[in-house]
Amino acid sequence: MSSNSRENILAAARSAAQARGYGGLNFRELAEDVGIRAASMYHHFPSKADLGAAVAKRYWEDSANRLDALLADSSDPIQSLRDYPDTFRKPLESGNRMCMCSFMAAEYDDLPEAVKKEVQTFADVNVAWLAKVLIAASVVSPEKSEPRARAIFAAVAGAQLMARSRSDIALYDSLIDSYRAAGLLPA
């Protein structure tokens with residue numbers, strides 16, 4: 001088994017989890033998608049829990065890199081805050097998918113501990129990034145940054161959930177615009 005097979009499995013698992021959550025990770029279906037035998041999946045991931053944890057970890061690492069790039073690409077932290085909702089819009093644009101960790105968070109009670117840890121880390125990474133950028137943009141004081149960051153994260157993830165449930169990306173955009181009008185996000 002090559003590392004390329006592992007990467008292909010992780011990519012297929014990400015897509016499946018964004019559409020169907022942790023419960024949608026099926027070794028047989030993933031093996032078929034990747035073009036390997038189902039038994040070969042166990043070479044890289046001894047269990048569904050191992051696969052779920054690996055794909056969730058990769059997801060939050062990729063998200064952290066995208067957020068860092070978002071901040072690096074603009075010298076204006078306000079613009080980075082304006083662009084933040086686009087990171088949740090992209091999955092909706094790609095087959096009405098959801099943020100994988102948001103989907104898995106809805107299944108939290110049924111997740112193995114290793115997967116729960118990675119799902120929590122995704123939220124922590126987003127809140128920490130938002131708090132840092134809110135301070136850099138002088139939107140809030142440092143002591144108010146984390147509660148505001150949590151509110152933004154929850155609102156944006158909630159907008160994605162509502163839009164997905166209706167297959168309506170315009171609803172997502174409308175909700176984000178309402179957050180801007182209400183002052184939660186910069187206009």
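For the structure, check the block above.
The notes below deal with the structure included here. (Residues numbered from 1 in each chain as written. Predicted model: local features only at pLDDT ≥ 70, side-chain atom pairs only at ≥ 80, totals over all residues. Heavy atoms only, no water.)

**Quick word on the packing of aromatic side chains**
According to the stated counting rule, one finds seven aromatic pairs in the structure shown. Ring centres of Phe88 and Phe153 lie 6.0 Å apart, and the angle between their planes is 70°; on these two criteria the pair is classed as edge-to-face. Residue Phe88 is located in helix H6 (residues 86-93), and its partner Phe153 is located in helix H9 (residues 142-166); the two are separated by 65 residues in the primary sequence. For Phe153, a relative accessible area of 13% gives the class buried. Taken together, the aromatic side chains of Tyr59, Tyr84, Phe88, Phe122, Trp129 and Phe153 make up a single cluster linked through ring pairs. (Phe/Tyr/Trp six-rings, centres within 6.5 Å; stacked < 30°, edge-to-face > 60°. Helix = DSSP H or I, 4+ residues; strand = E, 2+ residues; numbered from the N terminus. Buried < 20%, exposed > 50% of the residue type's maximum accessible area, 1.4 Å probe, protein only.)

**Notes on unusual backbone geometry**
Phi at Ser138 takes a positive value of approximately 60°, unusual for a residue other than glycine. Position of Ser138 among the secondary structure elements: in the loop between helix H8 (113-136) and H9. For Ser167, which is not glycine, the phi torsion reads 50° and is therefore positive. With respect to the helices, strands and loops of the structure, Ser167 is situated in the loop between H9 and helix H10 (169-182).

**Some words on the state of the cysteines**
This model, assessed by the stated rule, comprises zero disulfides. Here Cys99 stays free of any disulfide, with the sulfur of Cys101 as its closest cysteine sulfur at 5.5 Å. For Cys99, a relative accessible area of 1% corresponds to the buried category. Residue classification places Cys101 among the buried positions, given a relative accessible area of 2%. (Disulfide = S-S within 2.5 Å.)

**A few points about the pattern of salt bridges**
Proximity of charged atoms lets side chains of opposite charge pair with each other. All told, the structure shown has 10 salt bridges when counted by the stated rule. Ionic pairing is found between Glu93 and Arg89, a salt bridge with its closest N-O pair at 2.3 Å. Taken together, the positions of Glu93 and Arg89, both in helix H6 and four residues apart, correspond to about one turn of that helix. A single network of salt bridges, built from pairs that share partners, joins Arg89, Glu93 and Asp173. (Salt bridge = Lys/Arg side-chain N within 4 Å of Asp/Glu carboxyl O.)

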